[in-house]
Amino acid sequence: MQEKNYAVVGLGRFGSSVATTLYREGNEVLAIDIHESLIEELVDQVSHTVIADSTDEEALKAIGIRNFDTVIVAIGDDIQASILTVLILKELGINQVVAKALNKRHAQVLYKIGADMVVFPERDMGERIAHHLMSPNVLNFLKLDHDYSVEEIKVPRCMVNLNLREIDLRVKYNLNVIAIRTGEEIDISPNPAKVLGAGDVLVVVGANRDLDKFTDLT
Ligand code: ADP
């Protein structure tokens, strides 16, 4: 993956997790917070740290924020500061501004003033955990829209030692297998004659109702 540079504003649990993960993956990361104590904790885990108030446009300019392709606004409870920061960043011409929202209204305002992506970390993680508890065979999923998703699904026991042609997911379940993962290896154009092993994972795309039928198999 190509290295990029990111700035993260607000180093609570969410912001610091985003910042340190981006840095660990080899990206340049500037971490900004109004409080010194949080900055000190992250000094060795990001490229640069700055104490600044992100609602102060001049302070952001002085940091050189315009050199960053993507800025993540992870300010928590202070909705006013979050909105003002996003507004300033978009006015300064930042290409991609990602912002954390506390609720739907907050998200609507963030989009209105130009946020490119709005995330709800608690809600999204809650959905993921609930989904996993209901369907333990589903290891991961990506919603494409309201009705369609891509899911990583453990090969059901009844399909072990059969090949893709035999399980015939396209006809029987209306689903397409786009890849098969075996341990660390991923086969992105699996041969129809490929026999499925017990620990294999199918990466499947289709309608949610069809995916649900398939994940009910064991
Ligand atoms: P989380 O729920 O992810 O832990 P928090 O609300 O605890 O989020 O953290 C938000 C962070 O944003 C805090 O560390 C706070 O100091 C920082 N913050 C709030 N307002 C500003 C601002 N105007 N400029 C920079 N950082 C800010």
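Analysis parameters
Residues numbered from 1 in each chain as written. Predicted model: local features only at pLDDT ≥ 70, side-chain atom pairs only at ≥ 80, totals over all residues. Heavy atoms only, no water. Pairing = 2+ DSSP bridges. Helix = DSSP H or I, 4+ residues; strand = E, 2+ residues; numbered from the N terminus. Axes fitted to C-alpha atoms, helices over the stretch in contact; angles between N-to-C directions. Contact = heavy atoms within 4.5 Å. Buried < 20%, exposed > 50% of the residue type's maximum accessible area, 1.4 Å probe, protein only. Core = buried A, V, L, I, M, F, W, Y, C linked by side-chain atoms within 4.5 Å. Near = heavy atom within 4 Å. Polar contact = N/O pair within 3.5 Å; in protein donor to acceptor, adjacent residues only side chain to side chain. Areas by Shrake-Rupley, 256 points an atom, 1.4 Å probe, with all protein chains shown as cover. Salt bridge = Lys/Arg side-chain N within 4 Å of Asp/Glu carboxyl O. Phe/Tyr/Trp six-rings, centres within 6.5 Å; stacked < 30°, edge-to-face > 60°. Lys NZ or Arg CZ within 6 Å of the ring centre and 35° of its normal.

- As recorded in an unreviewed UniProt entry, the protein goes by Trk system potassium uptake protein TrkA and comes from Baia soyae.

## Here we look at the sheet that holds strand 9 (residues 176-182)
Piece 1. Reading across the sheet, the five strands line up as 7-8-11-9-10 and stay open at both edges, with antiparallel pairing between neighbours. Two strands bound the open sheet, and with one partner strand each, they are strand 7 (138-143) and strand 10 (185-187). Direction aside, the axes of adjacent strands within the sheet are offset by 20° on average.
Piece 2. Two elements, strand 9 and strand 11 (residues 201-207), share five bridges in a ladder whose sense is antiparallel. When the sheet's bridge partners are listed, Val177 is paired in strand 11 with Val204.
Piece 3. Against the sheet, helix 6 (residues 121-134) touches strand 7 and strand 8 (148-154), its axis set at about 135° to strand 7.

## Brief notes about unusual backbone geometry
Piece 1. One non-glycine residue, Asn161, adopts positive backbone phi at about 75°.
Piece 2. Tracing the backbone through its elements, the reader meets Asn161 in the loop between strand 8 and helix 7 (164-167).
Piece 3. Among the residues examined, Asn161 registers a relative accessible area of 59% and is labelled exposed.

## Examining the nonpolar core
Piece 1. Among the nonpolar cores identified, the biggest contains 25 residues, and Ile65, Val71 and Leu89 are the most heavily contacted of them.
Piece 2. Contributions of two or more residues to this core are made by strand 1 (5-9), strand 2 (28-33), strand 4 (70-73), helix 4 (79-91), strand 5 (96-100) and helix 5 (104-112).
Piece 3. Among the elements that line this core, the one with the most residues is helix 4, at four residues.
Piece 4. In this view, Val71 contacts Ala7, Val9, Ile65, Leu89, Ile94, Gln96, Val97 and Val98; residues no more than four positions away in its chain are not counted.

## Overview of the sheet that holds strand 4
Piece 1. Reading across from one edge, 3-2-1-4-5-6 is the order of the six strands in this open sheet, with parallel pairing throughout. Looking at the sheet topology across the chains shown, the edges are occupied by strand 3 (48-51) and strand 6 (117-119). Strand-to-strand twist across the sheet, computed as the mean angle between neighbouring axes with direction ignored, equals 15°.
Piece 2. Here strand 2 runs beside strand 3; their pairing, made up of four bridges, is parallel. Bridge pairing in strand 3 links Asp33 to Ile51.
Piece 3. Where helix 1 (residues 13-24) meets the sheet, its contacts fall on strand 1, strand 2, strand 4, strand 5 and strand 6, and the angle it forms with strand 1 comes to roughly 165°.

## Observations concerning the site of the ligand
Piece 1. The environment of the ligand is formed by 19 residues, the closest being Arg13, Asp33, His35, Leu38 and Asp53.
Piece 2. A distance of 3.3 Å separates a nitrogen atom of the ligand from a polar backbone atom of Ile34.
Piece 3. In the environment of the ligand, an oxygen atom lies 2.9 Å from a nitrogen or oxygen atom belonging to the side chain of His35.
Piece 4. Considered on its own, the ligand offers 580 Å² of accessible surface; in the complex 84% of this is hidden by protein.

## Some words on the pattern of salt bridges
Piece 1. Counted under the stated rule, the structure contains eight salt bridges.
Piece 2. Measuring nitrogen to oxygen at the nearest pair gives 3.5 Å for the salt bridge that ties Lys143 to Glu127. In this pair, Lys143 is assigned in strand 7 and Glu127 in helix 6, connecting sequence segments 16 residues apart.
Piece 3. The salt bridge involving Glu152 is made with Arg181; its shortest N-O contact spans 3.0 Å.

## Examining the packing of aromatic side chains
Piece 1. The tally for this structure, following the rule as stated, stands at one aromatic pair.
Piece 2. A centroid spacing of 5.3 Å and a plane angle of 70° characterise the contact between Tyr173 and Phe214, whose relative ring orientation is edge-to-face. Of the two residues, Tyr173 sits in the loop between helix 8 (169-172) and strand 9 while Phe214 sits in helix 9 (residues 208-215), which places them 41 residues apart along the sequence.
Piece 3. The ring of Phe141 carries Arg128 above its face, with NZ or CZ at 4.5 Å from the centroid.

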